[in-house]
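Per-entry structural report
Spelled out from the first residue to the last, the chains are:
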Amino acid sequence: MRILKILAVSAILAAGPGLPVPAQTVPNGMGTTITSAGNSTTSRNVTVGVNKSVIIELEAPAADVVIANPEIADAVVQTSQRIIFRGVKFGQTSALIFDRAGRTLLDLSIYVETDMAALSETIARHVPDSRVKLESLNGSIVMTGSVDSLAQSDQVKKLVSAYFPVGNDAPQIVNMLHVTAPDQVLLEVRIVEMQRNVVKQLGINLSGVPSWGDFESAALSPPFAAAAEFTSGLGFPIQGRSLGGLTTELDYTNYNGGNFQSRAGAAINALERIGVVKTLAEPNMVAMSGESAKFLAGGEFPVPVGQDNQGRITVEFKPYGVGLGFTPVVLSEGRISLKVSTEVSELTSQGAFQGQRQQVVDADGNVIQVEGVTLPGLTVRRAESTIELPSGGSMMMAGLITSKDRQNLDQVPGLKKLPVLGALFQSRDFISEESELVVIVTPYLVNPAAKGELRTPADGFANASDAKTIFFGKLNATYGRDGAPVKAEEYRSPVGFMEE
């Protein structure tokens, strides 16, 4: 009976975590032998599912059964040679079975895990192309193997999650699946914008000094003559000023006997301006599947965010330029899901903020001059979306057509209603703005290339000699690969003579 207690205690100690397990039976020199569980000739291992059982058939009748931790697994002795072990909860324990003579019939290491047979069959039925192996490790589910795409990996994970109840008792899922599809994506983005502006100005300003009295005699006394001066100042409210074009001034002055009598004048400004602006940006970037990448070609401008009582300003920098951010997810060999954010911004005076100069009195009564701050505005074209494309396929992610027409008339009250002549007392300012913007994205599945297969804009560049620069105005020489000069027999270019 004493030997049975010692064996049970040794089995419990062996089940504890972190304790060293000897590789063999060790005599202690006092006639006592200590045998650790799992290191005898009768040692066996068995895996039992939670709430499932396993039947052990013995070669000889058993007299005693010792379980190290009954909370993990328990035993039911059906006959002297048949014992049924049942898994209670996740974990590991050991069991020792002895015969009537006290000899060890079986040293059993029990692993209580989740039975993966039914789940593996479900995955094989719903995701037939996957090569997945499921393992249960201390209550956690480890998925190993390979799948053809990230979509298959997501499907397997969803099936495993649906197999177990939701809550605190749900096992942790460790995804160690390998995706065999290429997982590097090159995104090519084209941002094209066309702007057309039309400005028309027609302004007429009249001025004059008419007089009333005796126009034939300049010697009349002031009481018998009267004069008045008028000027029509009609501007351009939309543009704010005359932009040029045709400017004509007419002036007539009347004299009587060499003396000034009256004056009349007119100033006419006429302009029609047409402008076209083309904006093209083509940022490209490579990212791993599932990882985010950002790209910015531009700069940063300072923006005041605070000011102390001494007038010192704290600034932070805001980026502008051509920006690209995207997160690709390779769904299969030919399908790519993209979360794209692209932007083209530039500094402009429209919408800029002009701070006024101020005087500030500090705590000591000193007057401090705080200079005004000018903050530029930003013209931004930005698009964000999530789309799905095949490798090499293109899609117009965003498009915008805008049209603005603004017109303003400045008129002199009353005189504007005169037939025909009313047009001489008004100014017209007209602006028409049309813009069309498109954003086209094209993803590619890519693999690394050899260094020699890649080219940069600087490859083969060669500076022109001083003589070519001075006498021929050349900045760079005609160059070939790696800066080598181009031979005449190898030169290919669309130049030469044409005969008809």
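Predicted model only: the values in this text are computed from it and were never measured.

Strand order in this open sheet of four strands is 3-9-8-5, and the pairing throughout is mixed. Across the chains shown, the open sheet's two edge strands, defined by having one partner strand only, are strand 3 (43-49) and strand 5 (64-67). Going across the sheet, the axis of each strand differs from the next one's by a mean of 25 degrees, ignoring polarity. When strand 5 meets strand 8 (residues 91-98), the two strands line up antiparallel, connected through four bridges. If you follow Asp64 over to strand 8, its bridge partner there is Phe98.

This part is about the nonpolar core. Leu187, Val189, Ile191, Phe326, Leu338, Val340 and Val441 are the most contacted members of the largest nonpolar core, which has 24 residues in total. Contributing elements (two or more residues each) for this core: strand 14 (184-209), strand 20 (284-288), strand 22 (313-330), strand 23 (335-354), strand 26 (374-390) and strand 28 (426-445). Residues within four places of Leu187 in sequence aside, it is in contact with Pro283, Asn284, Met285, Leu324, Phe326, Leu338, Val340, Val441, Thr442 and Pro443. Counting 17 residues, the second-largest nonpolar core is a separate cluster that includes Ile67, Ala73, Ile83 and Ile110.

Before going further, it helps to spend a moment on the pattern of salt bridges. A complete count under the given rule lists 14 salt bridges for this structure. With a shortest N-O distance of 3.2 Å, Asp99 and Arg103 are connected by a salt bridge. Of the residues examined, Arg103 reaches a relative accessible area of 55% and is grouped as exposed. Between Glu388 and Arg335 there is a salt bridge, with its nearest N and O atoms 3.3 Å apart. Highlighted residues: Glu388 in strand 26 and Arg335 in strand 23, separated in sequence by 53 residues.

Let's shift gears to a nonpolar patch on the surface. Nonpolar side chains collect at one region of the surface, where Leu415, Leu418, Val420, Leu421 and Leu424 lie side by side and expose about 440 Å² of accessible area between them. Along the polypeptide, Leu418 turns up in the loop between strand 27 (395-411) and strand 28.

To continue, consider the pairing of strand 23. Note that strand 22 and strand 23 share nine bridges and pair antiparallel. Note that in strand 23 the partner of Phe326 across the bridge is Val340. Here strand 23 pairs with strand 26 via 16 bridges, running antiparallel. Looking at strand 26, one finds that Thr342 is bridged to Ala383.

Turning next to the side chain of Ser140. Mapping Ser140 onto the fold places it in strand 11 (residues 140-147). In contact with Ser140, other than residues within four places in its own chain, are Glu135, Pro171 and Gln172.

Attention now goes to the environment of Ile56. Following the sequence through the fold, Ile56 ends up in strand 4 (residues 53-57). Once the C-alpha coordinates of Ile56 and Val77 are considered, the two residues, 21 residues apart in sequence, prove to be 9.8 Å apart. Look past the residues within four positions of Ile56 in its chain and what remains in contact with it is Gln81, Arg82, Ile83, Phe85, Leu106 and Leu108.

Moving on to the environment of Ala37. Position of Ala37 relative to the elements: it lies in the loop between strand 2 (33-34) and strand 3. Overall, Ala37 belongs to the buried group, its relative accessible area being 16%. Residues Ala37 and Ser94, 57 residues apart in the sequence, show an inter-C-alpha distance of 7.1 Å.

Reading the values: rules and limits
- Each chain carries its own residue numbering, running from 1 in the written order of its sequence.
- Only residues with pLDDT of at least 70 are given local features in this predicted model, and only at 80 or more are side-chain atom pairs given and counted; all residues enter the totals for whole chains, interfaces and linings.
- Derived side-chain values reflect all non-hydrogen atoms in the structure, with water molecules and hydrogen atoms excluded from consideration.
- For two strands to count as paired, DSSP must find a minimum of two bridges between them.
- Strands here mean DSSP runs of E at least two residues long; helices mean DSSP runs of H or I at least four residues long; both are numbered from the N terminus.
- A fitted line through C-alpha atoms represents every axis, and for helices the fit uses only the stretch in contact; the resulting angles, taken between N-to-C directions, go from 0 to 180 degrees.
- The set of buried Ala, Val, Leu, Ile, Met, Phe, Trp, Tyr and Cys residues whose side-chain atoms join them within 4.5 Å is what this entry labels a nonpolar core.
- Using a 1.4 Å probe on the protein chains alone, a residue whose accessible area is under 20% of its type maximum counts as buried, one over 50% counts as exposed, and one in between counts as partly exposed.
- Should any heavy atoms of two residues lie within 4.5 Å, those residues are considered in contact.
- Between Lys or Arg on one side and Asp or Glu on the other, a salt bridge is scored when a side-chain nitrogen of the former is within 4 Å of a carboxyl oxygen of the latter.
- Residues forming no salt bridge and having over 30% relative accessible area are the ones grouped into patches, like charges within 9 Å of each other and nonpolar side chains (Val, Leu, Ile, Met, Phe, Trp, Tyr) within 5 Å.
- Per-residue accessibility takes into account occlusion by the displayed protein chains alone, with areas from the Shrake-Rupley method and a 1.4 Å probe.

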